[in-house]
Amino acid sequence: MNFDGLDPSLGDYGPALHAALEPVLEPVLAPSLLQSVELDADGVALEGLAVPEPVHLLEGMYSELHTAVSDVGVPVSVSHFDLHEEMLWVGNHGGHATSFFGATLERYSSFQVHSSDDIRHIQSLENGVLFLTKTNLKYMSRGGLIIFDYLMDESEDMHSLLLTDNNTLLVGGLQNHVLEIDLGTVQETQKYTVEVPGITIMRQSNRFFFCGHSSGKVSLRDLRTFVAEHEFDAYSGSLSDFDVHGNLLVTCGFSSRMNGLACDRFLKVYDLRMMRATTPLQVHVDPFFLRFIPTYTSRLAIISQTGQCQFCEPTGLANPADIFHVNTVGPLVMTFDVSASKQALAFGDSEGCVHLWADSPEVTFNAYSRETDFALPCMVDTLPHLDWNQDLVPLSLIPVPLTSETLLSDWPAANSAPAPRRAPPVDPEILRTMKKVGFIGYAPNPRTKLRNQIPYRLKELDTEFDSFSQVPESPIGREEEPHLYMVAKKYRKVTIKYSKLGLEDFDFKHYNKTLFAGLEPHIPNAYCNCMIQVLYFLEPVRCLVQNHLCQKEFCLGCELGLLFHMLDLSRGDPCQGSNFLRAFRTIPEASALGLILADSDEATGKVNLGRLIQSWNRFILTQLHQETQEQEAPQAYRGAGSSSFGTSGDSVIGQLFSCEMENCSMCRCGKETVRVSSTLLFTLSYPESTEKPVKDYEFAQILKRSICLEQSTQAWCENCEKYQPTVQTRNIRCLPDVLVINCEVNSSKEADFWKTQAEYAFQRALMKRGGFEISRGKEISLGEWKELGNPDLGPSYSSVEELKNIWIPHAIKMRLSKNKELDICNWSENEELSPSDDPGSVYIYDLMATVVHILDPRTGGSLVGHIKVGETYHQRKEGVTHQQWYLFNDFLIEPVDKCEAVQFDMSWKVPAILYYARRNLNAKPACCWPRPRWPATRCRRRATWWAPRSAPQEEAELRSDGTKSTIKPSQMSVARITCVRGQGPNEGVPFIDDYISTQEQVVDYLTQYSGIKPGDLDAKISSKHLTTLKSTYLKLRFLIDVGVKFVGHGLQKDFRVINLMVPKDQVIDTVYLFHIPRKRMISLRFLAWYFLDLKIQGETHDSIEDARTALQLYRKYVELSRHGSDAEDFRKVLKGLYEKGRKLDWKVPEPESQGSPKHSSVFPPVLAL
């Protein structure tokens, strides 16, 4: 069916053929249908949507029977009744196919046919189903397995197919030919050329092939030769549909009117006996689909795109009384089909729903349908145990059915490719001594290998590392390996070991004995954790983002400020940046720059993390600069006094990091062009000299060379009017407060340069300690340096190791003269400016942070940060005033020596980013930000809340001993948040009941535990109060900051899901109130039945009911504690609770069984609530 161009809103799903067509839409939706439809956003298995019983259908009259959902929001492109089984097939514009079984539309199978192209035609066969997309014909079983996949030329644009017999298929499209394909050999057997291109519909009778063209013509072709014998020029615009029955051909389409296309309400009727047109049939709807339904008579069903349907005879008059309306969820009907039995009609709409209409409740799609095969129940539990540790155990203990069909493990040749062994690399000595004559190279044999023998290694082993392949679960708390491990323990990638209780029994204190908060690494794209910590410990940036609040749903500045607030509140417990990373994934620029990683790429180490974090560093500074350029925030969040740091027209990020530059281009003709720009960071540029040995450079020299860059390139000269060799120079006009440097060590060449310069610096430091003074102007080779360093220099120094692998200084001095000439030199940490230096033009920068890339082939590598934590952070956390360097490796935090922060062993520790901050930056008046705060109102009311979740699936592995190990937990996200008042006249009344809209894929709504149904979180069809996570998060933040106490059941996990840090003294969790140590946790449902005689959570959970129940349980706990003579009485109550639970297997009995023991003698006499 040709839908292209019929609706401008569907332009993303296919090329427009009729751009001028704009059909009139009727925005009529049935409220009753919207309330009963359970929509599925991501292909979750849903039952068909049944009409409330009993269904009253008049015999012979079509009425709506059921509605089902394929994919929410993705328009249905084609529907097809299976010709062999009682199934309805639906394909959509996203390339996804779904099948529904029977009249109840029970979902049978659902699978992806094509990754991006829409499905344009479906044809069922005996052993499978054919799916046609733009350039692909795929034959799949009804369960979703591929039988064959036939790829066509990329220039093809197929729209229709026609099954001529059991093994032959015709495929047509917008090109000027039709392909004939043999289904037995899956090969093209014939290509028929057509005079009029654009065949979008094909039908067949016992006399002709009927081809409908996009130009509005219908051609009749011979069944054997495909030669055109007759042609009907039906419409001047385009053809939308036609059907053939007996000797009648009826068409509908569009006519050209007023330089556009308009739907023609006259159906063209042709008599195939006389090959001429008869009287047109005028209808009362805009016809878009039509089908013959020859039950009693040759009735025609005419469907409009807005859902109107009319029945009439092709030779009679259309009656307006025969019109009925299809109540679609979407505004447009996208597809229409009639079953072979003519008892059922199927409509697909633009919101991904399919509607089944039938003339009787016991409808069948085919006269004689075969039985459908359903999935067999799991038989794993009934199979015998197989001990893999015994070599002689026969595998035949597991019965396998004997089959003559091709096994799933037998890969076809099209899906497999030979993988020959790669040739070993050429000996570097041969390449070094080789002389080229033309394109042939000659070199002497180095005699390092035997003649005609090349040893192949079966495994790719790195010579620098051993073959130990077992990745430890965590790098700390493990015995030292007997072999050498190059990467130090604290720098190795840390992972979380998950147990049955999740993270509750994981000892984070073993990795972090400080009061600073780490960040958890299991969230997608958490590679930036170290850079988040760097920005947090930069005081002006922390103050800026914590004072920033805007109306955007996904703002990195807002989310970073909320995350920094959690890091402030934490007392050593790790936090997670899930909300920040969720907002980060929604920014198109981040995806375009390749900053959004797939889980597989991050886990396998396929990505150069050093280069990635440098790109992330540039992106985040630019993004924060843009988001904070015009900062407008609520008074409650910005403090009582207005901030003096920056104005509304300028960005604080720009004031801190920006450096104004003057770029000068000089052509050899003398033409000079000067332009001014600014940058937020600098990238190191290394010398390209090929001299051996490499010269000795100080870091300050390389930095000056990178800032004041000079290079020659071809550029356009307006004076010469052509491209000329141009010398481009760059100079800076001002000095930034924070100097950010991307090291750009992305190849072995740059790594060797760093290594060589570190050796120079090491020898120079040894000479200085030994009393030698080295003249700075004297050129000394590396070999001479080593000769100077080898003599006995007196007593050995215990800290000689601290001097190795150090090239960058802890401080640098930068001077900008009046004529804008820059001078940079290495400086000492303890040395201040001389009285002759002008503080306005001479800055001293202290190293504040270094981010390094850890090269570890066992874990894929990681990123860690060394951060110099200032006095203000120690004052807030520990009450002391000092500075200290720390290593931040996700949730591992450890103090380190200042030398370790600048030591880079290039074999495993590669520098990526350097942060230098101007000395005494935090003492500047402009940096004295008011701390973010809410109004100072304090209240002690209690509230309860409950947060159901939606989740992508977890990743786990099954070990050889049969135990399950969780590698990555399921990612839970909040779906609904409810708060009820805990005291006062409105106790138990909800004041927050928000459903959180989501744009991410939902694998499982967990309806049984959350009460959330598919469609509740879809803004298009949901009847709930939908809001953004950021809006509700700020409400909860306000409640926490004013001291509200939260009462609930299992709040720890709920707060973790919403990514909220709540002080422990503000949480009252009923799961721990009624808990005996080292015993199981008791569910809210069982506690409510036992103590309150309440039956809750019958079919699904309701958050308001759960919140009120938790509040009543807390009241009960207070009552029991108050009336009990001592703690032993309450302990007896808990023992009785656990004894009762064990007897009932912790299941609430049915109403007719044993009642609640609420009034049992176990309880002391108490007053009723």
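Residues numbered from 1 in each chain as written. Predicted model: local features only at pLDDT ≥ 70, side-chain atom pairs only at ≥ 80, totals over all residues. Heavy atoms only, no water.

Draft legend 1. Expanded view of the overall build of the chain. Scanning the chain for helices and strands turns up 22 helices and 56 strands. Looking at the chain as a whole, 50% of its 1169 residues are labelled buried. Considering only intrachain contacts with a sequence separation of at least 6, the fraction spanning at least 24 residues in the chain is 58%. Accessible area of the chain: about 58,500 Å², with a carbon and sulfur share of 51%. (Helix = DSSP H or I, 4+ residues; strand = E, 2+ residues; numbered from the N terminus. Buried < 20%, exposed > 50% of the residue type's maximum accessible area, 1.4 Å probe, protein only. Contact = heavy atoms within 4.5 Å. Areas by Shrake-Rupley, 256 points an atom, 1.4 Å probe, with all protein chains shown as cover.)

Draft legend 2. The side chain of Glu156, seen in detail. Examined against the element boundaries, Glu156 turns out to sit in the loop between β10 (146-151) and β11 (158-163). Buried within the structure, Glu156 lacks any salt-bridge partner; its nearest side chain of opposite charge belongs to Lys191, at an N-O separation of 5.1 Å. Polar contacts involving the side chain of Glu156 include one to the side chain of His177, which spans 3.1 Å. Look past the residues within four positions of Glu156 in its chain and what remains in contact with it is Lys134, Thr135, Gln175 and His177. (Lys, Arg positive; Asp, Glu negative; His and termini not counted. Salt bridge = Lys/Arg side-chain N within 4 Å of Asp/Glu carboxyl O. Polar contact = N/O pair within 3.5 Å; in protein donor to acceptor, adjacent residues only side chain to side chain.)

Draft legend 3. Highlighting the packing of helix α5 (residues 556-569) against helix α6 (residues 578-585). The geometry of α5 relative to α6 is characterised by a closest axis approach of 8 Å and an angle of 170 degrees between their N-to-C directions. Our classification of the angle between α5 and α6 gives roughly antiparallel. Across the interface between the two elements, Leu556, Glu559, Leu560 and Leu563 of α5 pack against Asn579, Phe580, Ala583 and Phe584 of α6. When its residues are assigned to classes, the contact of α5 with α6 shows 6 nonpolar, 1 polar and 1 charged. (Axes fitted to C-alpha atoms, helices over the stretch in contact; angles between N-to-C directions. Parallel < 35°, antiparallel > 145°, perpendicular 65-115°, else oblique. Nonpolar A, V, L, I, M, F, W, Y, C, P; charged D, E, K, R; others polar.)

Draft legend 4. Structural detail: the sheet that holds strand β9 (residues 136-140). Across the sheet, which stays open at both edges, the 4 strands sit in the order β7-β8-β9-β10 with antiparallel pairing between neighbours. With partners counted over all chains shown, the strands left at the sheet margins are β7 (121-124) and β10, one partner each. On average, each strand axis in the sheet is tilted by 15 degrees relative to the strand beside it, whichever way the strands run. Pairing analysis gives 4 bridges linking strand β8 (residues 129-132) to β9, with the strands arranged antiparallel. Opposite Val129, over in β9, you have Met140 as the bridge partner. (Pairing = 2+ DSSP bridges.)

Draft legend 5. Just the packing of aromatic side chains, in detail. Taken as a whole and judged by the stated rule, the model has 51 aromatic pairs. The rings of Phe1074, Phe1086, Trp1089, Tyr1090, Phe1091, Tyr1117, Phe1130, Tyr1138 and Trp1146 are connected pair by pair, giving a single aromatic cluster. Positioned above the aromatic ring of Phe311 is the side chain of Arg299, whose terminal nitrogen or guanidinium carbon lies 5.3 Å from the ring centre. The positively charged end of Arg876 is found above the aromatic ring belonging to Tyr873, 4.7 Å away from the centroid. (Phe/Tyr/Trp six-rings, centres within 6.5 Å; stacked < 30°, edge-to-face > 60°. Lys NZ or Arg CZ within 6 Å of the ring centre and 35° of its normal.)

Draft legend 6. View of the UniProt feature "binding site: a divalent metal cation" (unreviewed entry) in the chain. Following the UniProt record, the feature "binding site: a divalent metal cation" (unreviewed entry) maps to Asp1054 and Asp1106 here. The annotated residues occupy 53 residues of the chain but converge on a single region, no pair of C-alpha atoms lying more than 13.2 Å apart. By the element assignment, Asp1054 lies in helix α18 (residues 1051-1058). On the basis of relative accessibility, which here comes to 2%, the residue Asp1054 falls in the buried class. Structurally, Asp1106 can be placed in helix α21 (residues 1103-1123). We classify Asp1106 as buried; its relative accessible area is 2%. (UniProt positions renumbered as here; feature names shortened; annotations may be inferred.)

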